[in-house]
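# Tertiary structure, described
For reference, the chains in residue letters:
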Amino acid sequence: DGGITQSPKYLFRKEGQNVTLSCEQNLNHDAMYWYRQDPGQGLRLIYYSQIVNDFQKGDIAEGYSVSREKKESFPLTVTSAQKNPTAFYLCASKEGSEQFFGPGTRLTVL
Amino acid sequence: AQSVSQHNHHVILSEAASLELGCNYSYGGTVNLFWYVQYPGQHLQLLLKYFSGDPLVKGIKGFEAEFIKSKFSFNLRKPSVQWSDTAEYFCAVNAGNYGGSQGNLIFGKGTKLSVKP
């Protein structure tokens, strides 16, 4: 069953800690994306990767980092430098012009 | 800067009412247009898309959208809404490499639709 998985669904962390969000896809897509969703803000692009071992900053990359060592995986690290990390994070992969989304991870920083 | 505007933040309708959600974008060239829907607690999923051809596109669950190039618009419509249509709706545009967007999707801020039974 092809798709995008994100884990965990809910994540709680203390302020000042780095945290890594997982995103895995078995759709054999080259391009993958991380978005942040806040109420009334829509989806804002954090980072994207068009191909393995390459990634680019999106509109709101400050305080985040990513890696793309495998085609299937695109983990996102929320660092302590991110001023307002509490949000809903969505991962996506792309085929052609269409993006497919994972179920999201809700991160709460206490 | 490139942008996508959704005019309504929150729309409240009664069942069987007609729906139209506005979406305007600011790109001048060829675009691919999308409407995504996010039901409460569920994935963001594709409702419909326009790439080329007939500007009136049909999507799932009775939704349709019309691309009007002269107005830079891609409004979403449904003749008769149901309680199960309660969700958040996002318009998105892929403008290729126009203006440095590098083929990425640009999303509107979303419209919450609440349908009263």
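For the structure given in this document, a descriptive report is provided here. (Residues numbered from 1 in each chain as written. Chains lettered and ligands numbered in written order. Predicted model: local features only at pLDDT ≥ 70, side-chain atom pairs only at ≥ 80, totals over all residues. Heavy atoms only, no water.)

### Overview of the overall build of chain B
Condition: Helix and strand assignments follow DSSP, with helices taken as H or I runs no shorter than four residues and strands as E runs no shorter than two, numbered in order from the N terminus. The globule rule is 2.2 Å times the number of residues to the power 0.38, and the radius of gyration it is compared with is taken over C-alpha atoms. Three exposure classes are used, based on accessible area relative to the maximum for each residue type with a 1.4 Å probe and protein chains only: buried under 20%, partly exposed in between, and exposed over 50%. Working rule for contacts: check all heavy atoms of both residues, and any pair within 4.5 Å makes them a contact. Only the protein chains shown count as covering a residue, and every accessible area follows the Shrake-Rupley method with a 1.4 Å probe. Only four residue types enter the tally: Lys and Arg on the positive side, Asp and Glu on the negative side; His and the chain ends are excluded. Where a charge lies is defined by one atom per residue type: Lys uses NZ, Arg uses CZ, Asp uses CG and Glu uses CD.
Counting its regular elements, chain B contains 0 helices and 12 strands. The C-alpha atoms of chain B give 14 Å as radius of gyration, which agrees with the globular expectation for 117 residues (13 Å, within 12%). Each of the three principal axes of chain B carries a C-alpha extent, and together these read 45 × 30 × 20 Å. In chain B, which comprises 117 residues, the share counted as buried stands at 46%. The contacts of chain B with a sequence gap of at least 6 include a subset with a gap of at least 24, amounting to 56%. Surface summary for chain B: the accessible area is close to 5,600 Å², and the carbon and sulfur share equals 51%. Seen as two clouds, the 10 positive and the 7 negative side-chain charges of chain B have centres 4 Å apart.

### Overview of the state of the cysteines
Note the threshold: Counting rule for disulfides: a pair of cysteine sulfur atoms within 2.5 Å.
Applying the stated criterion to the full structure yields 2 disulfides over all chains. Each sulfur of the disulfide joining Cys23 of chain A and Cys91 of chain A lies 1.8 Å from the other. As the torsion about the S-S bond is roughly -70°, the Cys23 of chain A-Cys91 of chain A disulfide counts as left-handed. Within this pair, whereas Cys23 of chain A is found in strand β3 (residues 19–25), its partner Cys91 of chain A is found in strand β9 (residues 87–95), the two being separated by 68 residues in sequence. Each member of the pair, Cys23 of chain A together with Cys91 of chain A, is buried. Each sulfur of the disulfide joining Cys23 of chain B and Cys91 of chain B lies 1.9 Å from the other.

### Overview of the sheet that holds strand β7 (residues 64–66) of chain A
All names here are of chain A. For the record, the criterion: A pair of strands counts as paired when DSSP detects no fewer than two bridges linking them. Fitted lines through C-alpha atoms give the axes, limited to the stretch in contact for helices. The angle between two N-to-C directions lies from 0 to 180 degrees.
Ordered in space as β1-β3-β8-β7, the 4 strands form an open sheet in which the pairing is antiparallel. Every interior strand has two partners, whereas the edge strands, β1 (4–7) and β7, have only one. Here the average twist between neighbouring strands, direction ignored, is 20°. Pairing geometry for β7 and strand β8 (residues 76–78), over 3 bridges, is antiparallel.

### Topic: the pattern of salt bridges
Definition in use: A pairing counts as a salt bridge when a side-chain nitrogen of Lys or Arg comes within 4 Å of a carboxyl oxygen of Asp or Glu.
Inspection of every chain in the model, using the stated rule, returns 8 salt bridges over all chains. Between Lys49 of chain B and Glu98 of chain A there is a salt bridge whose closest N-O contact spans 2.6 Å. Linking Lys49 of chain B in strand β6 (residues 44–50) with Glu98 of chain A in strand β10 (residues 98–101), this pair reaches from one chain into another. Accessibility expressed as a relative area gives 12% for Glu98 of chain A, which makes it buried. One network of salt bridges, with partners in common, ties together Lys58, Glu64, Glu66 and Arg77 of chain B.

### Observations concerning the pairing of strand β5 (residues 42–51) of chain A
Residues and elements named next belong to chain A. The buried fraction of β5 amounts to 7 of the 10 residues, a majority that puts the element mostly inside the structure. Both strand β4 (residues 31–38) and β5 contribute to a ladder of 7 bridges, which runs antiparallel. When the sheet's bridge partners are listed, Met32 is paired in β5 with Ser49. Hairpin connection of β5 to strand β6 (residues 54–57): 2 residues between the antiparallel strands, including Asn53 at a positive phi of 65°.

### A look at the environment of Phe101 of chain A
In this structure, Phe101 of chain A sits in strand β10. For Phe101 of chain A and Asn28 of chain A, which are 73 residues apart along the polypeptide, the C-alpha to C-alpha distance reads 14 Å. Dropping the residues within four chain positions of it, Phe101 of chain A is found in contact with Ile4, Tyr35, Leu43, Leu90, Cys91 and Ala92 of chain A together with Tyr36, His43, Leu44 and Phe107 of chain B.

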